[in-house]
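Structural overview for review
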Amino acid sequence: QVQLVESGGGLVQAGGSLRLSCAASGRTFSSYVMGWFRQAPGKEREFVAGISGSSGNTYYADSVKGRFTISRDNAKKMVYLQMNSLKPEDTAVYYCAATMSYYIRNVARDYDYWGQGTQVTVSS
């Protein structure tokens, strides 16, 4: 079992930055692929970024590549999403998710554990 709690969301102007954090519980955190997803009103939940368990390999959606950076600290059981050059279209609820997988997954149904989400609002 893994429990996930996100924090760090808020209101920011376009071009600004935010850093989201996800605190995880569980003994085998380093075995989990971790992902960040987002969901805007009226839209499906979409993949943002993922990071593998121990190697630290990363994968990004094209829409955030070059602007967002995912990282993890296995000793602290934390995952981060550094978001730079934010745009109004980045406005959404952002979710942290975990899956016991060898490969990074970019589909929400492949993830087993989810946080409650944190709101990110980017004003123009």
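Residues numbered from 1 in each chain as written. Predicted model: local features only at pLDDT ≥ 70, side-chain atom pairs only at ≥ 80, totals over all residues. Heavy atoms only, no water.

A short note on the sheet that holds strand β7 (residues 68–73)
Judged by pairing direction, the sheet is antiparallel, and its 4 strands sit side by side in the order β1-β3-β8-β7 without closing on themselves. Both outer strands of the open sheet, β1 (4–7) and β7, are each paired with one neighbouring strand and no more. Strand-to-strand twist of the sheet, defined as the mean angle between neighbouring strand axes without regard to direction, takes the value 15°. As paired strands, strand β3 (residues 18–24) and strand β8 (residues 78–83) are joined by 6 bridges and run antiparallel to one another. Bridged to C22 within β8 is V79. (Pairing = 2+ DSSP bridges. Helix = DSSP H or I, 4+ residues; strand = E, 2+ residues; numbered from the N terminus. Axes fitted to C-alpha atoms, helices over the stretch in contact; angles between N-to-C directions.)

With respect to the state of the cysteines
Scanning the entire structure with this criterion turns up 1 disulfide. One disulfide in the model links C22 with C96; its S-S distance is 2.1 Å. Here C22 and C96 share a disulfide; its torsion about the S-S bond, -80°, makes the bridge left-handed. Note that C22 is positioned in strand β3 and C96 in strand β9 (residues 92–99), a separation of 74 residues in sequence. The same class applies to C22 as to C96, namely buried. (Disulfide = S-S within 2.5 Å. Buried < 20%, exposed > 50% of the residue type's maximum accessible area, 1.4 Å probe, protein only.)

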